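Geometric and topological summary
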Amino acid sequence: MAKGRPKEHRKAQKDVKQLDSFECAVCGYVGQEKDGFMEGHHLIPYSEDGAADMHNMITLCKSCHRDYHNGKLDVDIRRF
């Protein structure tokens, strides 16, 4: 997550991870709140004006998030 994003944006990412109990929506891995391994992923990309709120985010582990952004994983937003 880019450190330069607004406080409200970072809070929404934290809130969605807590709501999802730090469980990756793809592989089911469950992380811990402070381990830094879980990330908030935008269903509609932030760079494409996707909302920075919980309704546009899911929780992914770093591995699945990296795979998604490297084109190795397809997240179907219709599932969410």
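Please refer to the structure higher up on the page.
All of these numbers come straight from a predicted model, not from anything done at the bench.

**A closer look at the nonpolar core**
Ranked by size, the top nonpolar core spans 9 residues in total: Phe-22, Cys-24, Met-38, Leu-43, Ile-58, Leu-60, Cys-61, Cys-64 and Val-75. Per-element tally for this core: the top contributor is strand β2 (residues 57-61), with 3 residues.

**A look at the environment of Ile-44**
With respect to the element layout, Ile-44 can be found in the loop between β1 (38-42) and β2. Apart from the residues within four sequence positions on either side, Ile-44 is in contact with Gly-50 and Asn-56.

**Examining the packing of aromatic side chains**
Scanning the entire structure with this criterion turns up 1 aromatic pair. Between Tyr-29 and Phe-37, the aromatic rings sit 5.3 Å apart at their centres with planes inclined by 75°, giving edge-to-face as the arrangement. Since its relative accessible area comes to 27%, Phe-37 is described here as partly exposed.

**Side note on the pairing of β2**
Most of β2 is tucked away, with 5 of its 5 residues classed as buried. Of the two faces of β2, both are covered, the one formed by Met-57, Thr-59 and Cys-61 as well as the one formed by Ile-58 and Leu-60. Relative to β2, β1 is paired through 5 bridges, and the arrangement is antiparallel. The residue bridging His-42 from the neighbouring strand is Met-57, located in β2.

**Concerning the environment of Lys-72**
Tracing the backbone through its elements, the reader meets Lys-72 in the segment after α2 (62-69). Look at Lys-72 and you get exposed, because its relative accessible area is 65%. For Lys-72 and Ala-25, which are 47 residues apart along the polypeptide, the C-alpha to C-alpha distance reads 16 Å.

**Section: helix α1 (residues 7-19)**
For α1, built from 13 residues, the straight-helix expectation of 18 Å at 1.5 Å per residue is met to within 8% by its first-to-last C-alpha distance of 18 Å. Summarising the contacts, the buried residues of α1 are in contact with β1 and β2. A positive phi of about 55° marks Ser-21, the residue just after α1.

Each value, and the rule that gives it
Residues numbered from 1 in each chain as written. Predicted model: local features only at pLDDT ≥ 70, side-chain atom pairs only at ≥ 80, totals over all residues. Heavy atoms only, no water. Core = buried A, V, L, I, M, F, W, Y, C linked by side-chain atoms within 4.5 Å. Buried < 20%, exposed > 50% of the residue type's maximum accessible area, 1.4 Å probe, protein only. Helix = DSSP H or I, 4+ residues; strand = E, 2+ residues; numbered from the N terminus. Contact = heavy atoms within 4.5 Å. Phe/Tyr/Trp six-rings, centres within 6.5 Å; stacked < 30°, edge-to-face > 60°. Pairing = 2+ DSSP bridges. Expected span 1.5 Å × (residues − 1).

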